[in-house]
Amino acid sequence: MGNQKIHLSSPHMGGTEEKYVQEAFDTNWIAPLGNNVNEFEKQVKSYTGIRAACALSSGTAGIHIALDLLGVKQGDIVFCSSLTFIASANPILYLGAEPVFIDSDLESWNMSPIALEKAFKAYEKKGQLPKAVVIVNLYGQSAKMDELMAICDKYEVAVVEDAAESLGSKYKGRMSGTFGKFGIFSFNGNKIITTSGGGMIISDDKELIKKSLKKATQSRDQAKHYQHSEVGYNYRLSNISAGIGRGQMEVLNQRVEQKRTIFNRYAKAFENIGGIEPMPEMENTLHNRWLSVFTIGSSELDIRPSEIIEYLAKFHIETRPVWKPMHMQPLFEDCAYFSEDEDNAKCLFENGICLPSDTKMTEGEQISVINRMLEVLK
Ligand SMILES: *Cc1c(COP(=O)(O)O)cnc(C)c1O
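Residues numbered from 1 in each chain as written. Predicted model: local features only at pLDDT ≥ 70, side-chain atom pairs only at ≥ 80, totals over all residues. Heavy atoms only, no water.

The protein appears in an unreviewed UniProt entry as DegT/DnrJ/EryC1/StrS family aminotransferase from Salinicoccus bachuensis. UniProt's Sequence similarities (unreviewed entry) comment on the protein is quoted here verbatim: "Belongs to the DegT/DnrJ/EryC1 family." (UniProt positions renumbered as here; feature names shortened; annotations may be inferred.)

Novice: Please clarify how the environment of Glu-283 should be interpreted in this entry.
Specialist: Structurally, the position occupied by Glu-283 is in the loop between strand 10 (276-278) and strand 11 (285-286). For Glu-283, a relative accessible area of 76% puts it in the exposed group. Sequence spacing of Glu-283 and Tyr-171 is 112 residues, and the spatial spacing of their C-alpha atoms is 9.0 Å. (Helix = DSSP H or I, 4+ residues; strand = E, 2+ residues; numbered from the N terminus. Buried < 20%, exposed > 50% of the residue type's maximum accessible area, 1.4 Å probe, protein only.)

Novice: Would you mind showing me how to read the pattern of salt bridges here?
Specialist: If charged atoms from side chains of opposite charge come close, those side chains can pair. Inspection of the entire model under this criterion finds 19 salt bridges. Glu-23 is paired through a salt bridge with Arg-246; the nearest N and O atoms lie 3.6 Å apart. Of this pair, Glu-23 sits in helix 1 (residues 17-26) while Arg-246 sits in helix 8 (residues 239-250); the two residues are 223 residues apart in sequence, bridging distant segments of the chain. Glu-23 sits in the partly exposed class, given a relative accessible area of 32%. (Salt bridge = Lys/Arg side-chain N within 4 Å of Asp/Glu carboxyl O.)

Novice: Help me understand the side chain of Ser-142, please; the structure alone is not making it clear to me.
Specialist: Relative to the elements of secondary structure, Ser-142 occurs in the loop between strand 4 (132-136) and helix 6 (145-154). Excluding its chain neighbours within four sequence positions, the residues that come into contact with Ser-142 are Ser-108, Asn-110, Asn-137, Lys-170, Tyr-171 and Met-282. (Contact = heavy atoms within 4.5 Å.)

Novice: Is there a simple way to think about the sheet that holds strand 10 in this case?
Specialist: The pairing of strands in a sheet comes from backbone hydrogen bonds and takes either a parallel or an antiparallel form. Taking strand neighbours across the sheet as the criterion, the four strands line up as 10-12-15-13 in an open arrangement whose pairing is antiparallel. Looking along the sheet, the strands with just one partner apiece sit at the ends: strand 10 and strand 13 (320-321). Of the strand pairs in this sheet, strand 12 (residues 292-296) and strand 15 (residues 352-355) are connected by four bridges, and their pairing is antiparallel. Its bridge partner being in strand 15, Ser-292 is matched across the sheet by Leu-355. Against the sheet, helix 11 (residues 344-351) engages strand 12 and strand 15, with an angle of about 50 degrees to strand 15. (Pairing = 2+ DSSP bridges. Axes fitted to C-alpha atoms, helices over the stretch in contact; angles between N-to-C directions.)

Novice: Can you walk me through the domain arrangement of the protein in this structure?
Specialist: Reports often express the size of an interface as the amount of accessible area lost when the parts come together. Split by domain assignment, the protein resolves into domain 1 (17-249) and domain 2 (252-377). The interface is formed by 50 residues belonging to domain 1 together with 41 residues belonging to domain 2. Surface buried jointly by domain 1 and domain 2 totals about 4,000 Å² across both partners, of which 67% is contributed by carbon and sulfur atoms. Its largest share of buried area at the contact with domain 2, domain 1 owes to Trp-109, Tyr-139 and Ile-192, together 22% of the area lost on that side. Here domain 1 is connected to domain 2 by zero salt bridges. The interface formed by domain 1 and domain 2 contains 26 residue pairs in polar contact (both at pLDDT 80 or more). For the side of domain 1 that touches domain 2, the secondary structure elements donating two or more residues are helix 4 (90-94), strand 3 (98-102), helix 5 (113-125), strand 6 (170-171) and helix 8. Per-element accounting of the side of domain 1 that touches domain 2 gives the leading share, six residues, to helix 5. Class assignment of the residues belonging to the side of domain 1 that touches domain 2 gives a composition of 25 nonpolar, 16 polar and nine charged. (Domains from an automatic or database assignment. Buried area = accessible area lost by both parts, 1.4 Å probe. Polar contact = N/O pair within 3.5 Å; in protein donor to acceptor, adjacent residues only side chain to side chain. Nonpolar A, V, L, I, M, F, W, Y, C, P; charged D, E, K, R; others polar.)

Novice: Got a minute to help me understand unusual backbone geometry in this structure?
Specialist: What you tend to see is this: most non-glycine residues have negative phi, and most peptide bonds are trans. Notably, Gln-218 is not glycine yet its phi reads approximately 65 degrees, a positive angle. Owing to a relative accessible area of 40%, Gln-218 belongs among the partly exposed residues under this scheme.

Novice: Please explain the packing of helix 5 against helix 6 as it appears in this structure.
Specialist: Two quantities define a packed helix pair, namely the angle between the axes and the distance from one axis to the other. Between helix 5 and helix 6, whose axes approach to 9 Å, the crossing angle comes to 10 degrees. By the angle between their directions, the pair helix 5 and helix 6 is classed as roughly parallel. For the pair helix 5 and helix 6, the contacting residues are Pro-113, Leu-116, Glu-117 and Phe-120 in the first and Glu-147, Leu-148, Ile-151, Cys-152 and Lys-154 in the second. In terms of residue class, the contact of helix 5 with helix 6 is made up of six nonpolar, no polar and three charged. (Parallel < 35°, antiparallel > 145°, perpendicular 65-115°, else oblique.)

Novice: Is there a simple way to think about the packing of aromatic side chains in this case?
Specialist: Any pair of aromatic rings gets described here by the distance separating the centres and the angle formed by the planes. Scanning the entire structure with this criterion turns up 16 aromatic pairs. Plain terms: the ring middles of Phe-120 and Tyr-155 are 4.2 Å apart, the flat faces sit at 5 degrees to each other, and that makes the pair stacked. Residue Phe-120 is located in helix 5, and its partner Tyr-155 is located in the loop between helix 6 and strand 5 (158-162); the two are separated by 35 residues in the primary sequence. By relative accessible area, which is 0% here, Phe-120 ends up buried. The class for Tyr-155 is buried, based on a relative accessible area of 10%. Both rings, one in Phe-263 and one in Phe-294, keep their centres 5.8 Å apart while their planes meet at 20 degrees; by these two values the pair is stacked. Of this pair, Phe-263 sits in helix 9 (residues 252-270) while Phe-294 is found in strand 12, placing the two residues 31 residues apart along the sequence. Of the two residues, Phe-263 and Phe-294, neither departs from the other in class, the shared state being buried. (Phe/Tyr/Trp six-rings, centres within 6.5 Å; stacked < 30°, edge-to-face > 60°.)

Below is the structure:
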């Protein structure tokens, strides 16, 4: 193997993307809307079984619009998973609201029903329930949706499902992203499929998606002249990007299979080494294994993830720590946090490592990653 870098997760075209982009050129449907956008939305609807979808310029834009339509405003509280990428939480700040972070459980690595219930009880006592709950499906593993939805339903608070990393995953046979009032997908460059940058907001409530489309196009009223009654954004996906999305949707199931194959190779190679454990896949769920993630137990292995990351980087192998939890971020140091008895999110951050999960990686390249891992773990 030469000096070719092995990536964590990079864009992987299926082959038909250029055809759809060319179509946009041929019809001069370069911007902003057109057939590719409509077809891309249709594909995501039929793939997930959701009734309505609106293509956007990013996943972050989707979370922003969802929270806005749920009425989140200055002074409101929004509960949000702590163990996530910051894009889950930033839109709460855009709207002037205050995030309250919720710990993970160790079975799903996602929002803990126990910690969520604690937070609801505390804020009920204060007489200020949250306006929304943002639930993340980390690295492709679905959160415990039955338990979490039951709690949110009891308090009558709407859920925004951040499925940016979990397109193609399933929870009890149902597609990830379809559980909340709104679901959000991301097509950023490192995600399981990409439009070079983009996102989608989905819902079974067609009215809400109509409103999302209006918000995403500067909230223009139905009038011959330019008239606006509420704040809007410029968040629509371009017809060029949507062309890439159309081709990518055709290979999504293949990508899920490939990601799972990559994960299984790692899991098998490490199964007899004490102290290295795979991120779980809960019973009755399908984990898309967007990234292959493992934890390095500090009592069994005398090495920390940061040292492994440094070692593999010498061989041009890209690895990453697990997301730094939001409650540990300087930006959110004044925000409340509800954990289980132990701070699980912090523990997963300190012990977790994301291994190369690039579907363009050859089996030989992956074996060299495994060999370097075995070397460094000795
Ligand atoms: C990537 C990501 C987002 C944001 O998506 P963008 O399209 O990059 O704006 C949101 N949440 C999570 C958990 C993500 O990983």
